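Okay, here's what each chain looks like letter by letter:
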Amino acid sequence: MSDALDVQNITVAYQESTVLENAAFSVPQGKLVGIVGPNGAGKSTLLKAVLDLVPKLHGRAVFFGDELKKVRSSIGYVPQRGEVDWDFPTNALDVVTMGRYGHVGLFRRPRKQDREVAFQSLKELGMEDYAKRQIRQLSGGQQQRVFLARAMAQDASLYIMDEPFAGIDAKTERAIIELMQKWKQQNKTIIVVHHDLQTAREYFDWMILLNKQVVAQGPTEEVFTKEKLQQAYGGQLAFLQSAASEETGGLS
């Protein structure tokens, strides 16, 4: 069985400044993966590079043993909320229905069953009462639930998410992680850029430590250690240790 994602020596530079250097790792299918690293480590750039949303100097990404253009409909992408135009005049149900375009075709009208799937996706995230609400009228947590519902409606095999927990309430965060765990039980793969080390060990069973290069990758219990975090975060480690709660067991 091919890996869900195989990243092969990707390098990205902006204005002659290297953001990623020979990033290489593989993700087995059916894993809930956290990409963790300090600010400026290139985490968001990595996601965009593997999805061909930013140019690469060299390297490539292989999905399920194939190139992106052949499996694009099987990949769901949830960008950071700050990258979305929330003033666009559309409602929550229409946004979620966009997740069905891979099934109906980009220039075809969604069918009745597609809108039913979209509405059911909103319902599973507790957003059915907001189906006709303009997206600009939603709170940050509600907007994030709408984008998760769109991903759910897509019924992808691989989900790639850029900081889905940023700036949301605890209730929405719990709803999102429960959805991710449900997808994992269905043997879907979820890759998440995450910034909170207090919850990383609890949320993810596979981890990639990144600081422009891949510092470590593999099962969380092998990667989430003091030594490897020191390599990734350097002088910030003392602060991170104090921030780690007893609930997550701290850093081993």
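Just so we're clear, the structure is a prediction, and the values are computed from it rather than from any experiment.

Visitor: I tried to follow helix H1 (residues 43–50) on my own but got confused; where do I start?
Guide: Within H1, seven of the eight residues are buried, which leaves it mostly tucked inside the rest of the structure. Along H1, the residues that are buried comprise Lys43, Ser44, Thr45, Leu46, Leu47, Ala49 and Val50. Positioned one or two residues after H1, Asp52 has a phi angle of 60°, which is positive.

Visitor: Can you help me understand the layout of surface pockets in this one?
Guide: Reported here for the largest pocket is a volume of approximately 650 Å³. As for the largest pocket, its lining consists of 24 residues, and the residues nearest its centre are Tyr77, Met98, Gly99, Arg150 and Gln154. Among the elements of the structure, strand E5 (75–78), helix H4 (101–104) and helix H6 (140–154) are those that each provide at least two residues to the lining of the largest pocket. The leading source of residues in the lining of the largest pocket is H6, at four residues. In terms of residue class, the lining of the largest pocket is built from 15 nonpolar, five polar and four charged.

Visitor: For this particular structure, what's the right way to read the pattern of salt bridges?
Guide: Side chains bearing opposite charge may pair, as long as their charged atoms lie close to each other. In total, this model carries nine salt bridges according to the counting rule given. The salt bridge partner of Glu124 is Lys182, with a shortest N-O separation of 2.7 Å. One end of the pair, Glu124, is in helix H5 (residues 112–124); the other, Lys182, is in helix H7 (residues 170–185), and 58 residues separate them in sequence.

The rules behind the values
- Residues numbered from 1 in each chain as written.
- Predicted model: local features only at pLDDT ≥ 70, side-chain atom pairs only at ≥ 80, totals over all residues.
- Heavy atoms only, no water.
- Buried < 20%, exposed > 50% of the residue type's maximum accessible area, 1.4 Å probe, protein only.
- Helix = DSSP H or I, 4+ residues; strand = E, 2+ residues; numbered from the N terminus.
- 1 Å grid on protein atoms, 1.4 Å probe; cavity = no way out; pocket = protein on both sides within 12 Å on 5 of 7 lines; lining within 4 Å.
- Points joined across faces, edges and corners; volume = space filled by probe spheres on them.
- Nonpolar A, V, L, I, M, F, W, Y, C, P; charged D, E, K, R; others polar.
- Salt bridge = Lys/Arg side-chain N within 4 Å of Asp/Glu carboxyl O.

Function cannot be inferred from these measures alone, as they are strictly geometric.
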